[in-house]
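Residue strings, one per chain:
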Amino acid sequence: MELHQLVYFVAVAEEGGFTRAAQRLRIAQPGVSAQVKRLERELGQALFDRSGRAVRLTAAGEAVLPYARAALQAVDGAREAVAALAGLARGRVAIGAVTSHDVDLPGLLAGFHERHPGIEVTLVEDSTERLVAGLLDGRLDAAVIAYGPLPGGLGVHVVTDEAIDAAVWDGHELAGRESVALAELRDRPLVCLPRGSGIRAILDSACAAAGFAPKVVFEAGSPGVLADLALRRLGIAIVPSSISRHRAGLRALRITDPALRGRLGLAWRLAGPAGPAAAAWLAHARARL
């Protein structure tokens, strides 16, 4: 019994005739008939009743059909398993990350490489805006992004979720307060992450809803640098609370009306095939974050 004989047999059964089965399989009809006859000789039973205009399964054919389908499904499963192993042996994964983040990417990459040494991993740093674009168009398999509302078409594993503060230096006129309304930051010099970053997008959106544009006088790619700029009295730093509340010399004010929150997460594209290598990376990263 050969595999292609089972393929032909199932096709004839599903199509209800040898001609339609041949068209589906894109081979000559006599070839289908010959191989099914060989299968019948091997089994010692007729699988089809050919006496009428329509070809119908015999009792033997009815009995054999589920086993033939199961055999073909098993073969497909074996092929998929081999393809997955081949993908893990010599696959590729493209990963992105915002410039400043709290994820131990070196540790994640080292652990992944130890488990899958044959997979080639590339890593790029960029703004959240460009990383999201790379995820959606398929250039990236996964990325660590900073975000407010989650962009459509993406899944995310949340890593951090914290308030966004306004950080001022000792002696600033707001230093004695616990909070500041967003509207009070109008026309005040601010230092913030550049456009395209998650926190900047949250700030710009909230200010636009309040009817003004933030007065950003300095931009830097790292929240730590923003804190240093505030300590130098160059502007009020718009930073995560984990930065503002752990830097000597800074006073953290919780932004209210509305409260602003920033999130850091591992994101991936929901639609489209990821491939075995990318799937392995996502499973590895999510299990350790």
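Preceding this paragraph is the structure being described.
Parameters and conventions
Residues numbered from 1 in each chain as written. Predicted model: local features only at pLDDT ≥ 70, side-chain atom pairs only at ≥ 80, totals over all residues. Heavy atoms only, no water. Salt bridge = Lys/Arg side-chain N within 4 Å of Asp/Glu carboxyl O. Helix = DSSP H or I, 4+ residues; strand = E, 2+ residues; numbered from the N terminus. Polar contact = N/O pair within 3.5 Å; in protein donor to acceptor, adjacent residues only side chain to side chain. Buried < 20%, exposed > 50% of the residue type's maximum accessible area, 1.4 Å probe, protein only. Arc of directions from axis to C-beta. Contact = heavy atoms within 4.5 Å. Phe/Tyr/Trp six-rings, centres within 6.5 Å; stacked < 30°, edge-to-face > 60°.

Caption draft 1: Local environment of the pattern of salt bridges. Applying the stated rule across the entire model yields 19 salt bridges. A salt bridge links E173 to R188, with the shortest nitrogen-to-oxygen separation between them at 3.3 Å. Highlighted residues: E173 in the loop between β6 (154-169) and β7 (179-181) and R188 in the loop between β7 and β8 (190-192), separated in sequence by 15 residues. Close ionic contact of R200 with D204 constitutes a salt bridge, the shortest N to O distance being 3.2 Å.

Caption draft 2: Representation of the environment of R195. Inspection of the secondary structure assignment puts R195 in the loop between β8 and α7 (198-209). Distance in space between the C-alpha atoms of R195 and G96 is 17 Å, their sequence separation being 99 residues. A polar atom in the side chain of R195 sits 3.2 Å from the side chain of D204.

Caption draft 3: Representation of helix α5 (residues 105-115). Here α5 has its buried residues at L105, L108, G111 and F112. Down the axis of α5, the buried side of the element spans an arc of 135°, and every buried residue falls inside it. Counted as exposed and oriented over 90 degrees from the buried face of α5: P106 and E114. In the core, the buried residues of α5 are packed alongside β3 (92-98), β4 (120-126) and α10 (275-288). Of the residues that open α5, the one with a side-chain oxygen 3.1 Å from the backbone nitrogen of G107 is D104.

Caption draft 4: Local environment of the packing of aromatic side chains. Under the defined criterion, the tally for this structure stands at 3 aromatic pairs. Ring plane angle 55° and centroid distance 5.4 Å describe the contact between F9 and F48, whose orientation is recorded as tilted. Placement of the pair is F9 in helix α1 (residues 3-15) and F48 in strand β1 (residues 48-49), with a sequence separation of 39 residues. Comparing F9 with F48, the two get one shared label, buried. Relative to W281, the ring of F112 has its centre 5.3 Å away and its plane inclined at 90°; by these criteria the two rings are edge-to-face. With F112 in helix α5 and W281 in helix α10, the pair connects residues that are 169 residues apart, well separated along the chain. As far as the burial class goes, F112 and W281 line up, both buried. Members of the aromatic cluster, connected to one another through ring pairs, are F9, F18 and F48.

Caption draft 5: Highlighting helix α2 (residues 18-25). Residues of α2 that are buried: F18, A21 and A22. Seen end-on, α2 carries its buried residues on one side only, within an arc spanning 100°. Summarising the contacts, the buried residues of α2 are in contact with α1, α3 (29-43) and β1. Positioned one or two residues after α2, R26 has a phi angle of 60°, which is positive.

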